Amino acid sequence: MAASDKSVDDSLYPIAVLIDELKNEDVQLRLNSIKKLSTIALALGEERTRSELIPFLTETIYDEDEVLLALADQLGNFTSENSNIETILYNQITLIVSVAGLVGGAEFAMYLIPPLESLATVEETVVRDKAVESLRTVAAEHSAQDLEIHVVPTLQRLVSGDWFTSRTSACGLFSVCYPRVTQPVKAELRANFRKLCQDETPMVRRAAANKLGEFAKVVETEYLKSDLIPNFVQLAQDDQDSVRLLAVEACVSIAQLLPQDDVEHLVLPTLRQCASDSSWRVRYMVAEKFVDLQKAVGPEITRVDLVPAFQYLLKDAEAEVRAAVATKVKDFCANLDKANQVQIILSSILPYVRDLVSDPNPHVKSALASVIMGLSPMLGAYQTVEQLLPLFLIQLKDECPEVRLNIISNLDCVNDVIGIQQLSQSLLPAIVELAEDSKWRVRLAIIEYMPALAGQLGQEFFDQKLRGLCMGWLNDHVYAIREAATLNMKKLVEQFGAPWAEQAIIPMILVMSRNKNYLHRMTCLFCLNVLAEVCGTDITTKLLLPTVLLLAADPVANVRFNVAKTLQKISPFLEASVIDSQVKPTLDKLNADTDVDVKHFAAQAIAGIAAEMELNVFRTAVPPCMGAKIEAAMDSKLIVEPPPMEPIEDDILKEMNGKAAAEAAEPPKVEMEC
């Protein structure tokens with residue numbers, strides 16, 4: 001019996017340590033213990049968790065912000081019913097604890113409210129938000145009766161709190177309590193929310209405005225019009241612009257809930273006021289939410305009221321507002337009434353768009369360029385040529401590279417409507433300027449669009465005008481550009497076919513293998529890696545492989561070990577006889593190289609090729625019905641461990657040991673970007 005008691009005591013000793021750490025002066029120790037609350041609660045049991053642990057946490061609630069945040073996160077998960085010991089151990093590692101019935105299940109969820117209520121009043125915003133989130137989770141566990149007994153009084157205490165922090169937290173609980181309480185309590189909750197909307201503290205009014213749309217979704221329509229709409233109007237006229245801009249978000253939710261007639265009389269006056277607000281931040285929010293508002297109010301109100309508001313924003317004095325609304329031009333026009341869509345675009349939208357094309361702010365022009373091409377399918381071929389094509393040509397000559405890039409990246413919209421030939425001559429100067437831009441990220445962006453451009457412009461135009469650009473990128477001084485140019489070659493071959501590659505680009509790539517700069521020789525290898533995947537066995541054997549084998553004797557070790565890696569990558573596209581007669585002897589020679597890196601990658605390539613060939617023999621000899629599990633085992637052989645590496649010598653030691661003069665004269669192995 002004594003031995004059994006001793007065993008129990010020993011098993012509870014770590015729990016006692018964790019509990020002691022909750023009281024420790026060291027913040028990190030307290031934080032670690034908080035994160036293991038689920039383990040403590042599970043060891044104490046449901047009864048002791050309710051009677052001892054939760055009251056202890058409530059009494060010692062004032063702590064460092066990081067500790068309180070962890071506590072709020074943990075308490076929100078104490079009522080979960082779906083967990084076990086394995087889940088606890090896993091969640092201790094990931095810090096996401098969801099444990100089973102730590103306070104006895106949903107019927108005891110009210111025990112978690114006091115500590116969470118205290119956490120919801122602290123000064124740190126992140127802690128309060130997490131506490132409110134956990135309170136919402138706990139409230140969902142309550143029955144309707146328990147909700148009125150335990151959660152609603154908590155909400156009322158928060159609403160009447162002396163400090164603004166409790167009142168801001170209260171705003172997040174109305175929407176979870178309201179649907180499940182009786183009518184008298186609902187009336188009281190609406191009155192409390194109105195009180196928060198009229199609070200003297202801007203932070204409280206801001207929190208109320210932020211939750212107004214969420215609360216409106218659960219309130220009955222009659223009370224929405226009688227109680228919440230006046231609150232909405234009042235918040236939209238608040239003297240703080242941070243409150244008014246949040247009221248714009250609520251406007252979308254309210255408009256979705258009301259009939260069209262009510263929207264016109266109750267919501268639109270406030271929306272017009274917000275669209276012309278003195279604060280640019282409020283107007284910016286209207287611009288951001290404009291398409292959502294358009295969908296909420298319907299096509300008729302859009303035609304009569306929102307089109308003028310949209311025009312007003314397009315000529316706003318603030319560039320940030322114009323840029324925001326410019327990004328909405330395509331979506332706004334797409335949601336117009338189809339019967340009047342073209343007429344409204346031509347008469348009411350395009351005149352303002354023309355002004356934005358020459359806007360003095362580059363961000364506005366770039367924002368417009370990202371969407372203006374999307375108007376082509378709506379207007380059709382004739383109007384695109386007459387109205388939009390002149391604007392596209394102006395933007396293709398814009399001094400801002402982002403504007404030109406955005407036009408080029410959306411050419412597919414125009415190509416589907418009028419074809420790209422009418423733009424081709426204007427495109428070329430813009431593409432050349434972007435390809436040679438001093439900012440490498442601009443060059444990278446145009447490379448990524450090149451395959452799509454090549455498909456739209458056609459092979460002949462590409463060979464005449466753009467092929468030289470693509471080859472030039474392979475010699476760029478920035479590695480990211482060279483890497484993207486290599487992948488671009490593969491995509492171009494997929495677009496135009498292997499015969500085109502054999503005639504047009506492979507000869508130019510093979511010339512790079514004789515370049516004096518070792519970086520260009522390595523780029524040649526990288527190109528051969530990816531081209532083998534799309535060129536087929538014949539071209540790989542006849543054209544690509546001889547160059548790879550030639551570079552095996554390169555004086556730079558970086559090039560030689562990349563030869564080994566290349567031979568392994570292209571081996572699936574070579575016949576077995578070629579591998580035996582040409583690839584393996586070269587790899588054997590590299591495996592005896594004086595450089596340890598070359599030996600390492602050569603050994604890795606030899607093992608990988610052997611495993612691949614063994615797998616191919618297996619696939620040929622074994623019927624499919626017998627091979628599923630065996631093939632999986634064979635596949636695992638492809639993941640080979642290279643032989644143990646010798647310590648890699650420092651570059652200086654290599655030079656001191658008499659490394660070849662040619663290699664010593666080259667840059668170090670680690671490639672540096674400019």
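Quick notes on the rules
Residues numbered from 1 in each chain as written. Predicted model: local features only at pLDDT ≥ 70, side-chain atom pairs only at ≥ 80, totals over all residues. Heavy atoms only, no water. Salt bridge = Lys/Arg side-chain N within 4 Å of Asp/Glu carboxyl O. Helix = DSSP H or I, 4+ residues; strand = E, 2+ residues; numbered from the N terminus. Buried < 20%, exposed > 50% of the residue type's maximum accessible area, 1.4 Å probe, protein only. Phe/Tyr/Trp six-rings, centres within 6.5 Å; stacked < 30°, edge-to-face > 60°. Axes fitted to C-alpha atoms, helices over the stretch in contact; angles between N-to-C directions. Parallel < 35°, antiparallel > 145°, perpendicular 65-115°, else oblique. Contact = heavy atoms within 4.5 Å. Nonpolar A, V, L, I, M, F, W, Y, C, P; charged D, E, K, R; others polar.

Engineer: A description of the pattern of salt bridges should follow, citing residues and the corresponding values.
Structural biologist: Summed over the entire model, instances satisfying the criterion amount to 24 salt bridges. The partner of Arg205 in a salt bridge is Asp238, with the nearest N and O atoms 2.6 Å apart. With a gap of 33 residues between them, Arg205 in helix 13 (residues 202-216) and Asp238 in the loop between helix 14 (221-236) and helix 15 (241-257) connect regions that are remote in the sequence. Comparing Arg205 with Asp238 shows no difference in burial state: the two are buried. Here Asp476 ties to Arg443 by a salt bridge, and the two come within 3.1 Å at their closest N and O atoms. One end of the pair, Asp476, is in the loop between helix 29 (459-473) and helix 30 (479-496); the other, Arg443, is in helix 28 (residues 440-457), and 33 residues separate them in sequence. Its relative accessible area of 11% is what places Asp476 among the buried residues. Linked by salt bridges that have partners in common, Arg136, Lys211 and Glu214 make up one network.

Engineer: Residues and numbers for the packing of aromatic side chains, please.
Structural biologist: The description of two aromatic rings rests on the distance between their centres and on the angle between their planes. With the rule as written, the count across this model stands at 13 aromatic pairs. Seen from their ring centres, Tyr178 and Phe215 are 5.4 Å apart, and the 85 degrees between their planes marks the pair as edge-to-face. Placement of Tyr178 in the loop between helix 11 (174-177) and helix 12 (183-197) and of Phe215 in helix 13 is noted, with a sequence separation of 37 residues between them. Each member of the pair, Tyr178 together with Phe215, is buried. Judged by centre distance (5.3 Å) and plane angle (55 degrees), the rings of Phe290 and Phe310 are tilted.

Engineer: Kindly report on the packing of helix 22 (residues 341-357) against helix 23 (residues 362-369), identifying the contributing residues and their values.
Structural biologist: One way to put it is that helix 22 packs onto helix 23 with a least axis distance of 9 Å and a crossing angle of 130 degrees. The angle between the axes of helix 22 and helix 23 places the two elements in the oblique class. In this structure, helix 22 uses Val353, Leu356 and Val357 to contact helix 23, whose residues at the interface are Val364, Lys365 and Leu368. Looking at the contact of helix 22 with helix 23 residue by residue, the classes come out as 5 nonpolar, no polar and 1 charged.

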